[in-house]
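What follows is each chain in one-letter form.
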Amino acid sequence: MAAAYFDGRATGVERQPPRLMLAEPILTMRGIARSYGDVRALAGVDATVYPGEVLGIVGESGSGKSTLLRMMNLEDTPDAGTYHLALPGHEDRNLFTLDRFERRMLRAHHIGIVYQNPHLGLLMNHTSSGNVAERLLIAGKRNFAELRERARESLDASEFPIERMDARPRELSGGMQQRVQLAKAIALEPAVLLLDEPTTGLDVSVQALVLDTLKRLQRDRRITMVLVSHDLGVIRTMADRVMVMRRGEVVEQGLADQIFQDPQHEYTQQLVHAKL
Amino acid sequence: MTLQKLTRPWTAFNYGFLDESAKRELRRRILKAIAVPGYQVPYASREVPIARGWGTGGLQVTLTLLKPTSVVKVIDQGADDSVNASSIRKFVGRVGGAVETEDTMEATIIQSRHRIPEEKLREDQILVLQVPNPEPLRPVQPDMSVAREMHGDADYGQLWLILYEQLVKAGRIMQGSSYPSMVNGRHVMTPSPIPRWDVPKLNQADHLTILSAGREKRIFAVPPYTSVEPLVFDDVPYRVEDHQDKTCYRSDVSGFFMNELPQDDGSSLYELSDSHFGVKNIQKSEGEAIEIGETWYKNGRVK
């Protein structure tokens, strides 16, 4: 298992396996390639995520990190590559072969996502509790009292003020909107929670609050997370492991401490030192 | 140059007004709609001599189904004698030689806007409902191509969300008409702007219902003995309008859907919405030998 992780496509540098990696991976992507016209967004990327860990993906704008996250959320299909999620009771198959309906149901039940732009993740004209309830409704929940209670629980877990649970997201601040997105994403306890620049655009104090919430959720519920950010501070705060991307390729990956304290690749060194 | 030279000589119009190719198109679409209950089948809606939005979809279906032995009833919000209903009924009689009637039991084709008659329809009767907005997803998804994908995926979460939010805000479902209903466990349809009272009449009915939107160019159908289930939460039962205890001031009949007539003193009178059903009840109470058919409701409850 560790061998897959230590492929070290770019660096060839072997590192000590973290404790989490003794388990079977929950998410495995191999050889993901995607081009848009002449633009190569992803060039054969491998990614592995283990249960309960936070994988941070960093890189400059255009490095392919958000494209990779969209692949994980099955919003797009690569030109080449495979994607497997280890879900109990599910047939192990390449998820890119699923049709639109199967993808939608898989997303509804097993993948949560928080977008940088809340407009992508929320129905702005519906209530915050309704936004959370919608996810439960798609998954087939049809009991109003249960919907109400579970929406309240999820919003509460996301540290959203419950007295505002029936306010519309467009009436809320950016930080609150991200909390509603988070509540929606965790409502069904997803196998993987994808976070696409969840704190970008928020002021520093609100960023810290949102990150605190994410850390608490990760600690209390052992939610597996994939966090995409160009902010190394956010990645350093949150991630167990880090994957550094550049021009559609993974240039280095390893434990967060190793990446930040002893970056091997020249690009990672530039990135870390520029930030620090 | 005269206008006469520019136009073709006058000829008699086709039986049932529509040309045969138009009728063939409609019949094919109707068959498809029956084969896939609740699915909206697009069709080439023709011009008919009434304005779009005034029942052109229903009229085209009625004209297509028409034969010389047809007996046609047309109602508008329950009334047989409104201008729109009378005009359509007379037009159908004129172009198809069909017998016109106001009695639900006599009719073979019933074209209706916004109501289903109170007397139960039989297997040999066809109900044609005029539909202004056939797309139940329109309030949540204005892009029709996306809405069609949502139908394909049975992605109705946002329709449920509307009901959820009505319960949150008002403590009850506020959808008064066009109540979204699941047909045959697969497609959600809007059963035209009939009141909630009438939706249970479509469930496992003996008759065929064809719903047609002329302006929107869509036909869908509920075949006989097909389930039509309003979207309801497990713990919030479906409720029809509270007309159980209202009594018609003309016919003294109660337990049916009523029109409310506000009075100057602030009170209200009620009259049966199904006008000919009321007339029949009055005639019967006056001793005439009138046969009143079995009704869907008894004492304000679905039988």
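Just so we're clear, the structure is a prediction, and the values are computed from it rather than from any experiment.

Right, let's talk about the interface of chain A and chain B for a bit. On the chain B side, the residues contacting the 17 residues of chain A number 14 residues. Elements supplying a minimum of two residues to the side of chain A that touches chain B: helix 3 (100-110), helix 5 (128-138) and helix 6 (144-157) of chain A. The biggest single contributor to the side of chain A that touches chain B is helix 5 of chain A, with six residues.

As a further point, take the domain arrangement of chain B. Residues and elements named next belong to chain B. Split by domain assignment, chain B resolves into domain 1 (20-230) and domain 2 (258-302). For domain 1 versus domain 2, the distance between C-alpha centres works out to 24 Å. In this assembly, 15 residues from domain 1 lie in contact with 13 residues from domain 2. Of the residues assigned to the side of domain 1 that touches domain 2, the class counts are four nonpolar, two polar and nine charged.

All names here are of chain A. The three strands are arranged 2-1-4 in an open sheet whose pairing can be described as antiparallel. The sheet is open, and its two borders are formed by strand 2 (39-49) and strand 4 (80-85), each paired with just one other strand. Within this sheet the neighbouring strands show an average axis-to-axis angle of 20°, counted without direction. Summarising the sheet, strand 1 (residues 27-36) and strand 4 pair through five bridges and their orientation is antiparallel. Within strand 4, the position partnered with alanine 33 by the bridge is alanine 80. Where helix 2 (residues 65-72) meets the sheet, its contacts fall on strand 1, strand 2 and strand 4, and the angle it forms with strand 2 comes to roughly 60°.

Moving on: the nonpolar core. Formed by 129 residues in total, the largest nonpolar core has its most connected members in Leu68, Leu194, Val226, Leu227 and Val244 of chain A together with Ile210 and Ala221 of chain B. A per-element tally of this core places helix 7 (residues 174-186) of chain A first, with six residues. Residues contacting alanine 221 of chain B, with those up to four places away along its chain left out, are Ile30, Ala33, Ile34, Pro37, Leu208, Thr209, Ile210 and Leu211 of chain B. In terms of nonpolar packing, the next biggest core, distinct from the first, is built from 10 residues, Val253, Phe257, Phe277 and Trp296 of chain B among them.

So, about the pairing of strand 5 (residues 111-114) of chain A. All names here are of chain A. Residues Ile111 and Ile113 line one face of strand 5 and the alternating positions Gly112 and Val114 line the opposite face, and both faces are buried. Here strand 5 pairs with strand 6 (residues 192-196) via four bridges, running parallel. What sits directly across from valine 114, in strand 6, is leucine 195.

About the criteria used
- Residues numbered from 1 in each chain as written.
- Chains lettered and ligands numbered in written order.
- Predicted model: local features only at pLDDT ≥ 70, side-chain atom pairs only at ≥ 80, totals over all residues.
- Contact = placed C-beta atoms within 7 Å.
- Helix = DSSP H or I, 4+ residues; strand = E, 2+ residues; numbered from the N terminus.
- Domains from an automatic or database assignment.
- Nonpolar A, V, L, I, M, F, W, Y, C, P; charged D, E, K, R; others polar.
- Pairing = 2+ DSSP bridges.
- Axes fitted to C-alpha atoms, helices over the stretch in contact; angles between N-to-C directions.
- Core = buried A, V, L, I, M, F, W, Y, C linked by C-beta atoms within 7 Å.
- Buried ≥ 20, exposed ≤ 12 C-beta atoms within 10 Å, placed from the backbone.

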